Amino acid sequence: MAALSTEFGDLVQIKKQLISIISQCRERGLVHSMKWASELVFALDPLPVNEHPPPPELTEDDAQDFDALCLAKSYFDLKEYDRAAYFLRGCRSKKAYFLYMYSRYLSGEKKKDDETVDSLGPLEKGQVRNEALRELRVELSKKHSAGELDGFALYLYGVVLRKLDLLKEAVDIFVAATHALPLHWGAWLELCNLVTNIEMLKSLSLPDCWVRDFFLAHMYTELQMITEALQKYQSLIEAGFSKSTYIISQIAVAYHNIRDIDQALALFNELREQDPFRIENMDTFSNLLYVRSMKPELSYLAHNLVEIDKYRVETCCVIGNYYSLRSQHEKAALYFQRALKLNPRCLGAWTLMGHEYMEMKNTSAAIQAYRHAIEVNKRDYRAWYGLGQTYEILKMPFYSLYYYRKAHHLRPNDSRMLVALGECYEKLNQHVEAKKCYWRAYSVGDVERMALLKLAKLHEQLHESDDAAQYYIIYIQDIFSCGEQLEHAEVSTALRYLGQYYFKNRMYDEASFCAQRCCDYNDALPSKDGGRLLMKFIRHKDSRFGFRDLYSLLLHFVQQRHTHQESVPMSLPGPVATPIRRVSPLDLSSVTP
């Protein structure tokens, strides 16, 4: 079990801290951090009335600014940010100063969105900036130099720096914010978005607080360190947060990331039972339903979310997935565009819109969408992988190789990335690297069961018959041992090659067995005909005709079927071939395809 902070031994104290931070976030309009803390509070046992923490004492500045702060907060809640900032001018308390600066920041964000929502499409949103950012940076920088910023103001300063793409400075400020106010989840979450790898995570000087364990679990999920993430979340559940819907949703997302679809679907269904009006993470749930082609369930989810709130980003993404599953890609792209109008930094919408443009053969728009996804989050392997696929379609293998490498770096144990890399290397005639990628893909767990087949075919093309036969054998044994029947054409192709290989090596019983199995596949006509030819050859091997005469007879038979050249994709070996080494016979006697 992953080690946790010793503070988890006192859940009552943790709940008191959460109740306190909820009050502070509410006063400052930080609704997302307030929601996170409230979900954790709800997962813990209720406190007796005498255990509830008292409200914080008012300072002289707080009392002086109380009336202006109440008035400004009412305007802030109505999204009248300029009006709120106007009445907070000249206030001296730290609470009023934060709300004043935060109102100016949100006013600039709102104006930026208003300028882009009608005049530009979502692909051009990144060209418009918040004009208030530079002024805010100058003012906050002066306060920071004087040491006058509290934890909330440091958080806002970090957000401004991130928006200005001053990422290194932003990381330092967010770390300082977590030290100044460890219970504010918003600062931890912003820091999470800036950490790019495990080495950077280890280099951060983070406060020793129980919130740090939640941050590390979230960070492990983002960095695709799913085993560590699941261990950390399991430890948090055992520490007393077993009822937390936040933790359940994060575990479901972790299983989604490793493509454990059954486990992820079960957790999302459990989450829907506990919180039936939840919209958060439902776009991830819809991705799972899409992968499983569960049209009725996806349709029900889309209609349900529309009834709850049809103008949420997640709702638009779910509807987009629904239309994509029905192959209505224009409508799907439209809903992903709507999601981006609501939130231009919605990572999933950018990536999914890129997929839809790919389906519509609009490669330039797909490239632009994937690039925007990478701008939002450089750790999104799906966007890098999508760019690789796009450039592969454009027959630009060097570009494709670059992006596949990026995706593989983010998902080193994902066989799909390795197979894609192998295909790129194969197109570039770097056969040694291609072989390494295919074998590595098989070793880490080939989810699509194509790596060995591609490796065997590559050896076959290079006339390395012994190696090709060896990998075909492993491929067929894997397919039959797991009880799956994937593509009959692929299995029959492997059997046809092995039949010819065994015949070439004069292992006639094994060759006959493979040829018979090859004939069992009615939907793989080329290999089936090849199997029949081989069977005819084997049956006459001991006849009164000489070997060379029989071979001539077979060639004559092939010439008669010249109009069906695809029926014989591989020529039979000559009579004088001698193998360098033999592979073990294929043992499939107990298996029925």
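Thresholds applied
- Residues numbered from 1 in each chain as written.
- Predicted model: local features only at pLDDT ≥ 70, side-chain atom pairs only at ≥ 80, totals over all residues.
- Heavy atoms only, no water.
- Patch = residues over 30% accessible without salt bridge, like charges linked within 9 Å, V, L, I, M, F, W, Y side chains within 5 Å.
- Areas by Shrake-Rupley, 256 points an atom, 1.4 Å probe, with all protein chains shown as cover.
- Salt bridge = Lys/Arg side-chain N within 4 Å of Asp/Glu carboxyl O.
- Helix = DSSP H or I, 4+ residues; strand = E, 2+ residues; numbered from the N terminus.
- Buried < 20%, exposed > 50% of the residue type's maximum accessible area, 1.4 Å probe, protein only.
- Phe/Tyr/Trp six-rings, centres within 6.5 Å; stacked < 30°, edge-to-face > 60°.
- Lys NZ or Arg CZ within 6 Å of the ring centre and 35° of its normal.
- Axes fitted to C-alpha atoms, helices over the stretch in contact; angles between N-to-C directions.
- Parallel < 35°, antiparallel > 145°, perpendicular 65-115°, else oblique.
- Left-handed = near helix turned anticlockwise from the far one by under 90°.
- Contact = heavy atoms within 4.5 Å.
- Nonpolar A, V, L, I, M, F, W, Y, C, P; charged D, E, K, R; others polar.
- pLDDT = per-residue confidence, 0-100.
- UniProt positions renumbered as here; feature names shortened; annotations may be inferred.
- Expected span 1.5 Å × (residues − 1).

Taken together, L71, Y86 and F87 make up a surface patch of nonpolar side chains, about 270 Å² in accessible area. Its place among the elements puts F87 in helix α4 (residues 81-87). Owing to a relative accessible area of 33%, F87 belongs among the partly exposed residues under this scheme.

Quick look at the packing of aromatic side chains now. Tallying each qualifying case throughout the model produces 31 aromatic pairs. Measuring from centroid to centroid gives 5.4 Å for F214 and F241, while their planes differ by 90°, and the two rings are edge-to-face. Note that F214 is positioned in helix α11 (residues 211-222) and F241 in helix α12 (residues 226-241), a separation of 27 residues in sequence. Of the two residues, F214 and F241, neither departs from the other in class, the shared state being buried. Ring geometry for F214 versus Y246: centroids 6.3 Å apart, planes at 40°, classification tilted. Here F214 is found in helix α11, whereas its partner Y246 is found in helix α13 (residues 245-257), with 32 residues between them in sequence. A relative accessible area of 8% places Y246 in the buried class. Ring-pair connections join several aromatic residues into one group, and the members of that group are F8, W36, W185, W210, F214, F241 and Y246. It is K143 that lies over the ring of Y97; its NZ or CZ is 4.9 Å from the centre. Over the ring of Y335 we find R338; its NZ or CZ atom is 4.6 Å from the centre of that ring.

With that settled, consider the packing of helix α15 (residues 282-291) against helix α16 (residues 295-309). Taken N-terminus to C-terminus, the directions of α15 and α16 make an angle of 160°; their axes are 9 Å apart at the nearest point. Classified by the angle between their axes, α15 and α16 sit roughly antiparallel to one another. As for how α15 packs across α16, the hand of that crossing is left-handed. Counting all contacts with α15, which are made through M282, F285, S286 and L289, the residues of α16 involved are E297, L298, L301 and L305. The residue makeup of the contact of α15 with α16, split by class, is 6 nonpolar, 1 polar and 1 charged.

This part covers the side chain of R162. Inspection of the secondary structure puts R162 in helix α7 (residues 151-163). If we ignore the near neighbours within four places in the chain, the residues touching R162 are L167, A170, E190, L194 and R345.

Okay, the confidence of the model for the protein chain next. Residues of the protein chain with pLDDT of at least 70 account for 84%, and the chain-wide mean is 85. A low-confidence stretch, residues 542-582 (pLDDT under 50), is modelled with 48 contacts involving residues beyond four sequence positions or located in other chains.

Attention now moves to the UniProt feature "repeat: TPR" (unreviewed entry) in the protein chain. The UniProt record annotates "repeat: TPR" (unreviewed entry) at residues 313-346 and 347-380. Secondary structure content for residues 313-346 is 79% helix and 0% strand, and the end C-alpha separation is 8 Å. The span residues 347-380 carries 79% helix and 0% strand; its end-to-end C-alpha distance comes to 8 Å.

Across its 12 residues, helix α28 (residues 508-519) extends 16 Å between first and last C-alpha, which sits within 8% of the 16 Å expected from 1.5 Å per residue. Within α28, burial applies to A511, S512, C514, A515, R517, C518 and C519.

With that settled, the discussion passes to the packing of helix α19 (residues 347-359) against helix α20 (residues 363-376). Between α19 and α20, whose axes approach to 8 Å, the crossing angle comes to 165°. It follows that α19 is roughly antiparallel to α20 by the angle criterion. Judged by the twist between their axes, the crossing of α19 over α20 is left-handed. For the pair α19 and α20, contact is made by L347, W350, T351, M353, G354, H355, Y357 and M358 and by A365, A366, A369, Y370, H372, A373 and V376, respectively. Classifying every residue of the contact of α19 with α20 gives 11 nonpolar, 4 polar and no charged.

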